[in-house]
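# Fold and contact review
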Amino acid sequence: MIQDVLFYLFAFMTLLSAVLVVANPVSRNPVTSAMFLVLTILFMAGLFVQLHAFFLAAVQILVYAGAVIVLFLFVIMLLDLKEEQSRRIGKLGSVLGLVSVGVVFVLFNRALSGLPAKVPGATGQPSLEGLTAPLGHALFKQYLLPFEILSVLLLVAMVGVILLSKKDLR
Amino acid sequence: MTTLNQYLIVSALLFAVGLAGALTRRNAILVLVGIELMLNAANLNFIAFWRFGPNPELLRGVMFVVFSIGIAAAEAAVGLALIIAVYRHYKTTDLNRMDTLKG
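Residues numbered from 1 in each chain as written. Chains lettered and ligands numbered in written order. Predicted model: local features only at pLDDT ≥ 70, side-chain atom pairs only at ≥ 80, totals over all residues. Heavy atoms only, no water.

Turning next to the overall build of chain B. Along chain B, the regular secondary structure elements total three helices and zero strands. Beginning at the N terminus, the succession of helices and strands in chain B can be written as α-α-α. Over its C-alpha atoms chain B spans a radius of gyration of 17 Å, topping by over 25% the 13 Å that the globule rule assigns to 103 residues. For chain B, buried positions account for 59% of its 103 residues. Summed over all atoms, the accessible surface of chain B reaches about 4,000 Å², with 68% contributed by carbon and sulfur. (Helix = DSSP H or I, 4+ residues; strand = E, 2+ residues; numbered from the N terminus. Rg over C-alpha atoms; globule rule 2.2 N^0.38 Å. Buried < 20%, exposed > 50% of the residue type's maximum accessible area, 1.4 Å probe, protein only. Areas by Shrake-Rupley, 256 points an atom, 1.4 Å probe, with all protein chains shown as cover.)

Dropping the structure here:
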């Protein structure tokens with residue numbers, strides 16, 4: 001019962017703040033959008049907790065709200081975006097956006113309505129007390145190669161970012 | 001009791017909102033924000049399928065999301081560096097004004 005209430009609360013707040021990220025009727029400031037993105041991420045972490053993915057909820061808050069959004073905020077404040085505040089979304093743009101939302105949602109909804117209520121072979125509640133320890137074991141044993149590849153990818157991204165944001169490439 | 005379908009509908013709506021943001025906003029940074037929303041919707045789907053699907057103890061869905069969050073972080077960093085480089089050149093982040101490749 002309480003879980004249902006929490007699910008609807010978190011789902012509604014996630015979607016509401018996501019809409020406010022994209023189309024805020026009060027403020028056109030990109031910083032406001034980024035702040036509502038933080039809210040979206042936080043409520044989404046609540047949904048992850050509901051799904052028993054506690055470690056991922058923590059990672060979501062640490063990585064997204066802590067690192068990615070801060071990066072967005074830094075870039076927004078580095079660039080001079082005064083013109084964005086006075087800009088309004090054009091008629092064509094808003095119609096296009098609404099139509100795309102509608103089409104994508106109808107598509108997904110049609111795909112979901114044919115689904116059986118339970119996934120075949122589902123065992124119900126996962127019997128994992130703590131997710132973090134088995135996750136670490138799997139990450140460093142079964143998924144070691146992808147993990148290392150990801151670390152190389154992050155290194156490449158870091159070098160690439162430094163190169164891209166240098167003034168002269170020579 | 002919440003079901004798989006409820007989570008899938010939430011994630012579909014979130015994806016649709018992110019897509020609308022990526023299509024309607026003309027500021028490159030806010031387009032990236034829309035893409036982040038869509039990535040998050042995909043992550044929610046992975047976890048919902050992990051939780052309600054068969055063999056949750058194998059942690060497949062969780063692994064997908066761990067890697068997807070790592071890649072999203074790299075993607076955001078590279079995307080923002082590109083935006084800074086473009087801003088140096090064009091003095092704007094408005095996507096409509098970056099039309100050098102337009103035929």
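What follows covers the confidence of the model for chain A. Detailed reading of predicted coordinates is not advised where the pLDDT is low. Model confidence for chain A is summarised by a mean pLDDT of 84, while 85% of its residues fall at 70 or above. Across chain A, the secondary-structure element scoring lowest on mean pLDDT is helix α4 (residues 82-86) of chain A, at 62, and the one scoring highest is helix α7 (residues 144-164) of chain A, at 94. (pLDDT = per-residue confidence, 0-100.)

The next thing to look at is the nonpolar core. In this structure, Leu 56 and Phe 72 of chain A together with Tyr 7, Ile 29, Leu 44, Ile 47 and Val 62 of chain B are the most contacted members of the largest nonpolar core, which totals 69 residues. Secondary-structure elements contributing two or more residues to this core are α1 (2-22), α2 (30-50), α3 (54-78) and α6 (132-140) of chain A together with α1 (4-24), α2 (28-52) and α3 (60-90) of chain B. Sequence-distant contacts of Leu 44 of chain B, that is, excluding residues within four places in its chain, are made with Met 44, Leu 47, Phe 48 and Leu 51 of chain A together with Tyr 7, Val 10 and Ser 11 of chain B. (Core = buried A, V, L, I, M, F, W, Y, C linked by side-chain atoms within 4.5 Å. Contact = heavy atoms within 4.5 Å.)

Turning our attention to the confidence of the model for chain B. All names here are of chain B. Confidence along chain B averages 88 in pLDDT terms, with 99% of residues attaining 70 or more. The element-level mean pLDDT for chain B is lowest in α1, coming to 89, with α2 highest at 92. For this predicted complex, the interface confidence score (ipTM) comes to 0.90, while the overall pTM stands at 0.88.

Contacts between the two partners involve 80 residues from chain A and, on the opposite side, 73 residues from chain B. Carbon and sulfur atoms make up 77% of the area that chain A and chain B hide from each other, which totals about 6,900 Å². When the buried area of chain A at its contact with chain B is split by residue, Leu 51, Tyr 64 and Phe 72 of chain A rank highest and sum to 10% of it. Seen at the junction of chain A and chain B, the total is zero salt bridges. (Buried area = accessible area lost by both parts, 1.4 Å probe. Salt bridge = Lys/Arg side-chain N within 4 Å of Asp/Glu carboxyl O.)

Geometrically, a pair of aromatic rings is defined through the distance of the ring centres and the angle of the planes. Inspection of the entire model under this criterion finds seven aromatic pairs over all chains. Ring geometry for Phe 140 of chain A versus Phe 147 of chain A: centroids 5.0 Å apart, planes at 70°, classification edge-to-face. Relative to Phe 52 of chain B, the ring of Tyr 7 of chain B lies with its centre 5.9 Å away and its plane at 40°, an arrangement referred to as tilted. One end of the pair, Tyr 7 of chain B, is in helix α1; the other, Phe 52 of chain B, is in helix α2, with 45 residues separating them in the sequence. With relative accessibility at 16%, the residue Phe 52 of chain B sits in the buried group. Three or more aromatic residues link up through ring pairs in this structure, and these residues are Phe 7 and Tyr 8 of chain A together with Tyr 7 and Phe 52 of chain B. Its end group placed over the ring of Phe 52 of chain B, Arg 51 of chain B keeps NZ or CZ at 5.1 Å from the ring centre. (Phe/Tyr/Trp six-rings, centres within 6.5 Å; stacked < 30°, edge-to-face > 60°. Lys NZ or Arg CZ within 6 Å of the ring centre and 35° of its normal.)

This brings us to the side chain of Ser 11 of chain B. Take Ser 11 of chain B: it is sitting in helix α1. Engagement of the side chain of Ser 11 of chain B in a polar contact is seen with the backbone oxygen of Ala 41 of chain B, the distance being 3.3 Å. (Polar contact = N/O pair within 3.5 Å; in protein donor to acceptor, adjacent residues only side chain to side chain.)

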